[in-house]
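Okay, here's what each chain looks like letter by letter:
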Amino acid sequence: MPKPHGKPKPIEAQMESSKQEDQEQPDNPSVPQETEQEPEAAANAETFQSDDWWSATPLTPEWSEPETETTAADVIPTRETGTTDVYFCGSANLFPLNRALEAIAKEKLTGLLRSFWDEEPIDLLARHGEIVLVTTRDPTLYCPEVPDVLTDVDVVVVERTREQQRETGTPFLLTLARQESITLDTATELMRQYGQKLFSQLWTAPRTWITFEKNADLLTDAVETPGEANVNDWALETLRLVRDPDQPANFDPASIPAYTRDGLERVQKLKLTSDEARFASQFNGARSVQQIAKNMRLDLKSARQLLFRFLALEIVECWPASTAAKPHQRSFFQRLRGFGRRDR
């Protein structure tokens, strides 16, 4: 797995360096001095060029060190020419994780989705639109404690594979399976468990930058690993691991959740729990979150957790209570006509 190259270079630094290069460039390029040449050489004088024409532009690293301190929200990554094929990239605030996962599934992409956040970058490997595995170069972040299933495996062997993950990014569980220390089925199940738990932290990360690199060669280290075909259900399972979401920060119990344009169609394809199905059935564009919680006899914290999952998947969006549909105010003559009908 490719190793991330430090932090992205800020826009300001790029513009400043570009201006400096323009200032340092002389107005008139150097022209070779004329010399006496034989007639044969004179005939080819039109093809003569300066010795500087062939000089290759020095390659810059994929992530350049910023010249000044900036926040993660102010940076834009640059990619090394000819080495990567970036399909999309952007801030998770503007390009949510759900849309990135949907793009992978719909476009049947193969490559690496890398998420930059406050910790070591998290890598998601996809193959033909399926999620293969999620990993990171920090084995402690990936798996804080050694699983009980590895109690019979030599401690030195486990520690050696964890160090290999720090160097290559390959999950140490997959390495143990290749060494036949554990079965491939056991390693696959554990990688799915720890990968989802790792990815779930990105849903509430305050600043995240994502980039997808189309590169089939990255999957050579995970040939034997099966993929997750249903990306939406996989994403929902990671959202269930978010126990105490601090988003939306402006959570208002009086707000009214309503389905997005394709939300109703998408929710019908998900494998929902009984609580999630009941919660989704309450969305009618008029009931507030507080009213839904009351109908389901849920506390607001539980209702907030359920709502967070549907918001993250962009199945619903919340509207202020003032936008709720209000009954039409009838005129005096309409009310009078209604009284007349009742008298009949």
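Residues numbered from 1 in each chain as written. Predicted model: local features only at pLDDT ≥ 70, side-chain atom pairs only at ≥ 80, totals over all residues. Heavy atoms only, no water.

Peer 1: Any chance you could explain the overall build of the protein here in plain terms?
Peer 2: Along its length, the protein carries 13 helices and nine strands. A sequence separation of at least 24 residues applies to 72% of the contacts in the protein between residues at least 6 apart. As displayed, the protein offers around 21500 Å² of accessible surface, 49% of which is attributable to carbon and sulfur atoms. (Helix = DSSP H or I, 4+ residues; strand = E, 2+ residues; numbered from the N terminus. Contact = heavy atoms within 4.5 Å. Areas by Shrake-Rupley, 256 points an atom, 1.4 Å probe, with all protein chains shown as cover.)

Peer 1: Is there a simple way to explain the packing of aromatic side chains in this structure?
Peer 2: In this description, an aromatic ring pair is defined by two values, namely the gap between the centres and the angle between the planes. Under the definition given, this model contains eleven aromatic pairs. Centroid distance tyrosine 87 to phenylalanine 88: 6.0 Å. Interplanar angle 70 degrees. Geometry classified as edge-to-face. Looking at phenylalanine 88, the relative accessible area reads 11%, which means it is buried. Where tyrosine 259 meets phenylalanine 283, the ring centres are 5.5 Å apart and the plane angle is 75 degrees; that geometry is what we call edge-to-face. You can see tyrosine 259 sitting in strand S8 (residues 256-259) and its partner phenylalanine 283 sitting in the loop between helix H10 (274-280) and helix H11 (289-296), a full 24 residues away along the chain. Classification of tyrosine 259 as partly exposed rests on a relative accessible area of 23%. Judged by its relative accessible area of 8%, phenylalanine 283 falls in the buried class. Within the aromatic cluster, the residues linked to one another by ring pairs are Tyr87, Phe88, Phe95 and Phe212. (Phe/Tyr/Trp six-rings, centres within 6.5 Å; stacked < 30°, edge-to-face > 60°. Buried < 20%, exposed > 50% of the residue type's maximum accessible area, 1.4 Å probe, protein only.)

Peer 1: Looking at this model, I keep getting lost on the environment of threonine 135. Mind explaining?
Peer 2: Take threonine 135: it is sitting in strand S6 (residues 130-136). Residue class for threonine 135 comes out buried when judged on its relative accessible area of 0%. For the pair formed by threonine 135 and leucine 125, sequence separation is ten residues and the distance between their alpha carbons is 8.4 Å. For threonine 135, the side chain forms a polar contact with the main-chain oxygen of glycine 169, separated by 2.7 Å. (Polar contact = N/O pair within 3.5 Å; in protein donor to acceptor, adjacent residues only side chain to side chain.)

Peer 1: Honestly, the packing of helix H7 (residues 184-200) against helix H8 (residues 231-239) in this entry has me stumped. Any pointers?
Peer 2: Here H7 crosses H8 at 70 degrees, and the two axes come no closer than 8 Å. The angle between H7 and H8 falls in the class roughly perpendicular. For the pair formed by H7 and H8, the contact residues are Arg192, Gln196, Phe199 and Ser200 on the first element and Trp234, Glu237 and Thr238 on the second. Looking at the contact of H7 with H8 residue by residue, the class counts come to two nonpolar, three polar and two charged. (Axes fitted to C-alpha atoms, helices over the stretch in contact; angles between N-to-C directions. Parallel < 35°, antiparallel > 145°, perpendicular 65-115°, else oblique. Nonpolar A, V, L, I, M, F, W, Y, C, P; charged D, E, K, R; others polar.)

Peer 1: What am I meant to see in the sheet that holds strand S4 (residues 111-116) here?
Peer 2: Either a parallel or an antiparallel arrangement is found when strands of a sheet pair, and the pairing is made through backbone hydrogen bonds. The strand order across the open sheet built from five strands is S3-S7-S4-S5-S6, with neighbouring strands paired in antiparallel fashion. Only two strands of the sheet have a single neighbouring strand rather than two, namely strand S3 (86-91) and S6. Direction aside, neighbouring strands of the sheet carry axes that sit 15 degrees apart on average. Across five bridges, S3 lies against strand S7 (residues 209-214) in antiparallel orientation. Bridge assignment links valine 86 to a residue of S7, and that residue is glutamate 213. Where helix H3 (residues 97-106) meets the sheet, it contacts S3, S4, strand S5 (122-127), S6 and S7, and its direction lies at approximately 175 degrees from that of S4. (Pairing = 2+ DSSP bridges.)

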